[in-house]
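Report on the structure
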Amino acid sequence: MKSLILFLLISTSLCLENGLGRTPQMGWNSWNKFGCNINEKLIRDTIDALVNTGLADAGYKYINLDDCWQVSRDGNGRIVVDQNAFPSGMKALADYAHSKGLLFGVYSDAGFKTCAGRPGSLGYEEIDAQTYAEWGVDYLKYDNCFTDGSAPEVRYPVMRDALLKQNRPIFYSMCEWGVNDPAKWAAPVGNSWRTTGDIFNSWTSMINIIDINDKWYEYAGPGGWNDPDMLEVGNGGMNVEEEKIHFGLWCLSKAPLLIGCDITKMSKETFEILTNPEVIAINQDKLGIQGHKIKTQQPKDDGNDKYLKDGNILLVKDCTGGDEQKWSVNNDGSITSMGSNFCIDIPNCNNGWAQIDIFSCHLDDRHSCSESKNQMWELKSDGGIASKMNNYCLDVYDHHGPFVQTFPCTGGPNQKWVYDSNTHTIKNGQKCLTATTALELLEVWAGLLSDNSYAVMLLNRGTRKSKMIARWKEIGLPAGNALVRDLFARKDLGTFTDSYTTTVEPHSSVFLKIT
């Protein structure tokens, strides 16, 4: 732990010097819930809700517009706001946010166009930064679509320099999706950097996103944070226990806490998760050490886990010839695992980019979402495998995987598949399409806090309840007695010697502070 603290001190000394991001940013972003369907009334209502619900008092200060607020550039190269959606303009919205004690953010892209095809900032960094400052912008999310082919390490510092020239500090949130390992180089460039692709509104996506983020835990600290994308709490793709895991892991991992649901209509359970002061305090702890996974183990086999469970994921992996890599392509359009008879499935009929899972086949249920077309596929003549729900293709994420998603069909090599009816394999290059049981795990996550206590999560990613143990020596605590407190329940559990043992239900967690 001493070496980690030393590394943190060194990395902090190299961070972007704009005085911002000493703790992870907290706020709201429009994309996860609303996508491009944003307008002035929605943003004003959300500003009011942040204040009136108490979310602002809990620490959520940024109100951030994502893509689709801009439409063009004028004759002087200045960005033009969509006047139909935002008739009062951005400065009026920023002023309104500031009048409520909040901070205001916008979105752009280090490319010629944004991901939704609106004007990007590549080549316009100086004038855009000046415009944002004139509007009173406090935060910029900067994406990575439609680039000129140059490396993010080249393009992102240009906007940093432009922002630093302005007469107001602007939080710089880099969104290059982790493609060039920004944790290794982004500390002097941005206040946070995305370590992953986009999160989707499902357990499978959330839990795999945080796994990717976890390997960079040593690189985060005050002034610069690893960003595993925005919160899906309150959007309905996970149950309450899964959403508590989601929020708890983001807090333990010192991730930005950017709410992604409609806070004007959130449930009591959503509000309680998002405003738990003891869990938020872990995220905002001034020491700024990112908690991480310290132990992983398989549950003891009771003979019931031979085959896959609902909600397991689809990957590309080295070919082994195992049942998890054998598939049946059926006349009804389904593609089923020969190990489990479960179908390749688009979770929750997500009509955009979606990480693919394996789920119980329901093609005879015409009352399910999209009349079950989320489990129907077409093997195209060009090698693509396209969904009959939205005509998106199975796509190897970032060309290397291991994750498989749906994406608009491009005909690219990461969308080329070969089905061999003799071996029953489906290959992309030399990798085989694989149904994985990797989520059948018990995990202990832990992180040091400024008062020398530890935040600890006992996480059951499996499908049956299991006994779990937090051992002081594995966490970093000295031997002897320690007080254990349940952070979500907000109550002391008692004093324990050398370890704490409890039973954790499937897809559930126990989030502790051990002092």
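As shown above, the structure is provided for reference.
This write-up is about the structure you can find in this document.

Parameters at a glance
- Residues numbered from 1 in each chain as written.
- Predicted model: local features only at pLDDT ≥ 70, side-chain atom pairs only at ≥ 80, totals over all residues.
- Heavy atoms only, no water.
- Pairing = 2+ DSSP bridges.
- Helix = DSSP H or I, 4+ residues; strand = E, 2+ residues; numbered from the N terminus.
- Axes fitted to C-alpha atoms, helices over the stretch in contact; angles between N-to-C directions.
- Contact = heavy atoms within 4.5 Å.
- Disulfide = S-S within 2.5 Å.
- Buried < 20%, exposed > 50% of the residue type's maximum accessible area, 1.4 Å probe, protein only.
- Core = buried A, V, L, I, M, F, W, Y, C linked by side-chain atoms within 4.5 Å.

1. Here's the deal with the sheet that holds strand β25 (residues 442-448)
- Pairing is antiparallel across the open sheet formed by 6 strands, whose spatial order is β11-β25-β26-β31-β28-β29. Because the sheet does not close on itself, it has two edges, and the strands there are β11 (292-297) and β29 (491-497). Each neighbouring strand pair of the sheet contributes to a mean axis angle of 25 degrees, computed without reference to strand direction.
- Pairing of strand β26 (residues 454-460) with strand β31 (residues 508-514), which is carried by 7 bridges, proceeds in the antiparallel orientation. In the strand pairing of β31, M457 is matched with F511.
- In the packing of helix α7 (residues 203-214) onto the sheet, contacts are made with β11, β25 and β26, and the angle to β25 comes to roughly 50 degrees.

2. Let's talk about the sheet that holds strand β7 (residues 171-174)
- Taken in spatial order, the 8 strands line up as β9-β8-β7-β6-β5-β2-β1-β10 in an open sheet, and their pairing is parallel. Single-partner strands in this sheet number two, and they are β9 (225-227) and β10 (257-259). Going across the sheet, the axis of each strand differs from the next one's by a mean of 25 degrees, ignoring polarity.
- As paired elements, strand β1 (residues 26-29) and β10 share 3 bridges and run parallel to each other. By the bridge assignment for β10, M26 is matched with L257.
- The sheet strands contacting helix α4 (residues 89-99) are β2 (62-64) and β5 (103-109), and the helix crosses β5 at an angle near 145 degrees.

3. Regarding the state of the cysteines
- Applying the stated criterion to the full structure yields 5 disulfides.
- Put simply, C36 and C68 are joined by a disulfide, and their sulfur atoms are 1.7 Å apart. Here the residue C36 occupies a position in the loop between α2 (31-34) and α3 (40-52), and C68 occupies one in the loop between β2 and β3 (70-73), the gap between them amounting to 32 residues.
- In this structure C68 comes out as buried when scored by relative accessible area, which is 2%.
- The partner cysteine of C393 in its disulfide is C409, sulfur to sulfur 2.0 Å. Around the S-S axis, the bridge from C393 to C409 shows a dihedral of about 95 degrees and counts as right-handed. One end of the pair, C393, is in strand β20 (residues 393-396); the other, C409, is in the loop between β21 (404-407) and β22 (418-420), with 16 residues separating them in the sequence.
- When its relative accessible area of 2% is taken as the criterion, C393 is described as buried.
- Cysteine C175 is unpaired, with the sulfur of C115 as its nearest cysteine sulfur at 6.9 Å.
- Taking relative accessible area as the criterion, C175 reaches 1% and is therefore assigned buried.
- Free cysteine: C251, not disulfide-bonded; nearest cysteine sulfur from C261 at 14 Å.

4. What about the nonpolar core?
- Counting residues in each nonpolar core, the largest one holds 83 residues, and the members touching the most others are W69 and F247.
- Counting 21 residues, the second-largest nonpolar core is a separate cluster that includes L314, V316, I344 and I426.

These values are about where atoms sit, not about what they do.
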